[in-house]
2 protein chains.
Amino acid sequence: MSQAQILSKNQQIVLDIIEKAKGPLKAYSILFNVQKKGINAPQQIYRALDKLIEMGKIHKIESKNAFVACRSSNCEISKATAFSICESCEMVDEISDVKLSKYISSFNHKKGMKFKRFNLEFFGLCKKCK
Amino acid sequence: MSQAQILSKNQQIVLDIIEKAKGPLKAYSILFNVQKKGINAPQQIYRALDKLIEMGKIHKIESKNAFVACRSSNCEISKATAFSICESCEMVDEISDVKLSKYISSFNHKKGMKFKRFNLEFFGLCKKCK
DNA sequence: TAACAAAGTGTTATAATATAACATTTATTA
DNA sequence: TAATAAATGTTATATTATAACACTTTGTTA
Ligand SMILES: [Zn+2]
Ligand SMILES: [Zn+2]
Ligand SMILES: [Zn+2]
Ligand SMILES: [Zn+2]
């Protein structure tokens, strides 16, 4: 059984902000939000972000250069991530669909490449924006 | 029948370079490669890139901020893109697998979002790097 | 517990990626 | 040919991300 990760001070501060946010956050917007807490430099943010990603606590939305908290408890440390992204309101929602994930994970590339992980981003209009 | 797109001068220059490249190219590396051709500013590159993406001639590899030529003739203007990416040598290969693409396209999000397009990036080690 | 190693922090500087804004030119079409 | 749309050239600036170095805290192990 893997014990609950203990986070460092900066990691906890950054994670708290990302978890409280309604949508994806950009690194510099996180930075501006924590300057009162004594974090002054981008490095401090990026280092925390890197570790949090490694731990699977957050994910990077590549198409937006932004970060969201992981909402799926069974998200196997980010080996198989999928997101739906609203092109109008910027809302991002993590998709955890075992069938979809299994199907994609089992996809075999003709050219003999063995995949370790994948990231899938869907784009469209969310219910509200339709 | 859609007639062959006629490209503007800058669009053609940028496309040529991307098509000749063996791997994904970054915007500034394209820029450095075309300065002899009279293109001097990032804007000129990014504008061409934007149009080429719109036309489906190239794709952006989001996880790398880099661009590759579209190799799949039936790539329906980038509504459904998939790539395999080698984490060691940076090689990128466009996957055109109708079954995979159909399966993912038909995925229905529970929260009522209708998807217009998706982008899937696989990561691993290619044959050579394994 | 002293010594060492590993992980985290703080800081300054800079690199890399991308867009804003505006003037001008070229191509298209009415 | 006049009006419109698309593309270009240019300068400046915004945004995202990493390098490098000195120091501190935490964990491990002799
Ligand atoms: Zn997750
Ligand atoms: Zn929306
Ligand atoms: Zn394609
Ligand atoms: Zn490789």
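Not measured: the values here are computed from a predicted model.

As a further point, take the protein's contact with DNA strand D. Taken together, 18 residues lie around DNA strand D, and Lys26, Gln43 and Lys60 of chain A together with Gln44 and Arg47 of chain B are the ones closest in. Put simply, 43% of the atoms of DNA strand D that lie within 4 Å of the protein are in sugar or phosphate. Within the side chain of asparagine 40 of chain B, one N or O atom sits 3.2 Å away from a phosphate oxygen of DNA strand D. Split by residue class, the surface near DNA strand D holds four nonpolar, eight polar and six charged.

Our focus in this paragraph is the interface of chain A and chain B. In this assembly, 35 residues from chain A lie in contact with 35 residues from chain B. Regarding the contact of chain A and chain B, the summed buried area is about 3,300 Å², with carbon and sulfur atoms giving 59% of it. Our count for the chain A to chain B interface comes out at eight salt bridges. Of the charged contacts in the structure, one is a salt bridge between glutamate 87 of chain A and arginine 117 of chain B, with a shortest N-O distance of 3.9 Å. At the surface where chain A touches chain B, the tally comes to 14 residue pairs in polar contact (both at pLDDT 80 or more). Counting only elements with at least two residues in the side of chain A that touches chain B, the list comes to β3 (80–86), α4 (98–105) and β5 (114–125) of chain A. Looking at the side of chain A that touches chain B, the element that brings in the most residues is β5 of chain A, giving twelve residues. For the side of chain A that touches chain B, the class distribution of residues is 16 nonpolar, six polar and 13 charged. Relative to strand β5 (residues 114–125) of chain B, β5 of chain A is paired through eleven bridges, and the arrangement is antiparallel.

Moving on, we come to the packing of α4 of chain A against helix α4 (residues 98–105) of chain B. Following both chains from N to C, one finds α4 of chain A and α4 of chain B inclined at 165 degrees, their axes separated by 11 Å at the closest point. Our classification of the angle between α4 of chain A and α4 of chain B gives roughly antiparallel. Crossing angle aside, the handedness with which α4 of chain A passes α4 of chain B is left-handed. Contact residues: Lys99, Leu100, Tyr103 and Ile104 of chain A in α4 of chain A; Lys99, Leu100, Tyr103 and Ile104 of chain B in α4 of chain B. Here the residues of the contact of α4 of chain A with α4 of chain B sort into six nonpolar, no polar and two charged.

Bring the parts together and some accessible area is lost; that lost area is often taken as the interface size. All names here are of chain A. Here chain A is described as being made up of domain 1 (9–69) and domain 2 (80–124). Distance between the C-alpha centres of domain 1 and domain 2: 22 Å. Contacts between the two partners involve nine residues from domain 1, matched on the other side by nine residues from domain 2. In terms of surface lost to domain 2, no three residues of domain 1 exceed His59, Ile61 and Lys64, which account for 56% of the buried area on that side. Linking domain 1 to domain 2 there are one salt bridge. One salt bridge in this structure joins glutamate 90 and lysine 64, with 2.9 Å as the shortest N-O distance. Joining domain 1 to domain 2, the criterion identifies four residue pairs in polar contact (both at pLDDT 80 or more). Elements represented by at least two residues in the side of domain 1 that touches domain 2 include exactly β1 (58–61) and β2 (66–69). The greatest single-element share of the side of domain 1 that touches domain 2, amounting to three residues, is contributed by β1.

In this structure the tally under the stated criterion is eleven aromatic pairs over all chains. With a centroid separation of 5.6 Å and an interplanar angle of 20 degrees, the aromatic rings of phenylalanine 107 of chain A and phenylalanine 122 of chain B are classed as stacked. Linking phenylalanine 107 of chain A in the loop between α4 and β5 with phenylalanine 122 of chain B in strand β5, this pair reaches from one chain into another. Phenylalanine 122 of chain B carries the same exposure label as phenylalanine 107 of chain A, and that label is buried. Ring pairs connect the aromatic residues Phe107, Phe115 and Phe118 of chain A together with Phe122 of chain B, which therefore count as one cluster. Against the face of phenylalanine 123 of chain B rests arginine 117 of chain A, its NZ or CZ located 3.9 Å from the ring centre.

A word on the pattern of salt bridges. Evaluated as defined, the whole model comprises eleven salt bridges over all chains. One network of salt bridges, in which partners are shared, links Glu87 of chain A together with Lys116 and Arg117 of chain B.

The next subject is the protein's contact with DNA strand C. Inspection of the region around DNA strand C gives 17 residues, with Gln44 and Arg47 of chain A together with Lys26, Gln43 and Lys60 of chain B positioned closest. Restricting the count to atoms of DNA strand C within 4 Å of the protein gives a sugar and phosphate share of 41%. In this structure, arginine 47 of chain A approaches DNA strand C through a side-chain N or O atom, which is 2.5 Å from a base nitrogen. Counting only elements with at least two residues in the surface near DNA strand C, the list comes to α1 (9–20) and α3 (42–55) of chain A together with α3 (42–55) of chain B. Tallied by class, residues from the surface near DNA strand C come to three nonpolar, eight polar and six charged.

What counts, and at which threshold
- Residues numbered from 1 in each chain as written.
- Chains lettered and ligands numbered in written order.
- Predicted model: local features only at pLDDT ≥ 70, side-chain atom pairs only at ≥ 80, totals over all residues.
- Heavy atoms only, no water.
- Near = heavy atom within 4 Å.
- Polar contact = N/O pair within 3.5 Å; in protein donor to acceptor, adjacent residues only side chain to side chain.
- Nonpolar A, V, L, I, M, F, W, Y, C, P; charged D, E, K, R; others polar.
- Contact = heavy atoms within 4.5 Å.
- Buried area = accessible area lost by both parts, 1.4 Å probe.
- Salt bridge = Lys/Arg side-chain N within 4 Å of Asp/Glu carboxyl O.
- Helix = DSSP H or I, 4+ residues; strand = E, 2+ residues; numbered from the N terminus.
- Pairing = 2+ DSSP bridges.
- Axes fitted to C-alpha atoms, helices over the stretch in contact; angles between N-to-C directions.
- Parallel < 35°, antiparallel > 145°, perpendicular 65-115°, else oblique.
- Left-handed = near helix turned anticlockwise from the far one by under 90°.
- Domains from an automatic or database assignment.
- Phe/Tyr/Trp six-rings, centres within 6.5 Å; stacked < 30°, edge-to-face > 60°.
- Buried < 20%, exposed > 50% of the residue type's maximum accessible area, 1.4 Å probe, protein only.
- Lys NZ or Arg CZ within 6 Å of the ring centre and 35° of its normal.

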